Amino acid sequence: LRLLIGDDQAVPFHRWKDWESILELAEPLVLPRRYETEADFLEALRQESVWSNEQIADWGRWRLDLPIMEVEATIIRQRLERGEEVDQLVDAEVLRYLREHALYEGVD
């Protein structure tokens, strides 16, 4: 079991309720969302002034080396709600699942 988390949420993760218990249950995989490089991400963790050097190293090890996607789930959800196409934003299998289960249709 792994915790998928964006780097924008990993930096303030210490503010989550029971964050230490969450880490015991599932090691994170950090997806780049705000910080383009690992160095930028690690510097943001340091600036929080709560993470130890060991914890910062762990977060760096958990970060995936992927490009930042310029789309957010909110945008995809809004487009689906309006009946607009999202083929360029969502993997075909994910889109099939969303449509098959009528996710986001008619949601306010």
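Before any of the text, the structure's been laid out above.
Residues numbered from 1 in each chain as written. Predicted model: local features only at pLDDT ≥ 70, side-chain atom pairs only at ≥ 80, totals over all residues. Heavy atoms only, no water.

(A) Spatial organisation of helix α4 (residues 53-62). Here α4 has its buried residues at I56, W59, G60 and W62. Buried residues of α4, seen end-on, are gathered within an arc of 165° and therefore sit on one face of the element. Away from its buried face, by an angle of more than 90 degrees, α4 presents the exposed residues N53, E54 and R61. Its buried side turned inward, α4 meets β1 (2-6), α1 (7-10), α2 (19-25), β2 (27-31) and α3 (38-47). (Buried < 20%, exposed > 50% of the residue type's maximum accessible area, 1.4 Å probe, protein only. Helix = DSSP H or I, 4+ residues; strand = E, 2+ residues; numbered from the N terminus. Arc of directions from axis to C-beta. Contact = heavy atoms within 4.5 Å.)

(B) Here's a closer look at the packing of aromatic side chains. Counted under the stated rule, the structure contains seven aromatic pairs. Relative to W59, the ring of F13 has its centre 5.5 Å away and its plane inclined at 70°; by these criteria the two rings are edge-to-face. Linking F13 in the loop between α1 and α2 with W59 in helix α4, this pair joins segments that are 46 residues apart in sequence. Here the two residues F13 and W59 agree in accessibility, since each one is buried. Each ring, one from Y35 and one from F41, has its centre 6.3 Å from the other, and the planes form 40°; the classification is tilted. (Phe/Tyr/Trp six-rings, centres within 6.5 Å; stacked < 30°, edge-to-face > 60°.)

(C) Representation of α3. Residues F41, L42, A44 and L45 constitute the buried set of α3. Across the axial projection of α3, the buried residues extend over an arc of 155°, all falling on one side. Of the exposed residues in α3, the ones pointing more than 90 degrees away from its buried face are A39 and Q47. Where the residues of α3 are buried, they touch α1, β2 and α4.

(D) Region of the structure containing the side chain of H14. Within the fold, H14 resides in the loop between α1 and α2. Side chain to side chain, H14 and E48 meet in a polar contact 2.7 Å long. Setting aside residues up to four positions removed in sequence, H14 forms contacts with W19, E48, V50 and W51. (Polar contact = N/O pair within 3.5 Å; in protein donor to acceptor, adjacent residues only side chain to side chain.)

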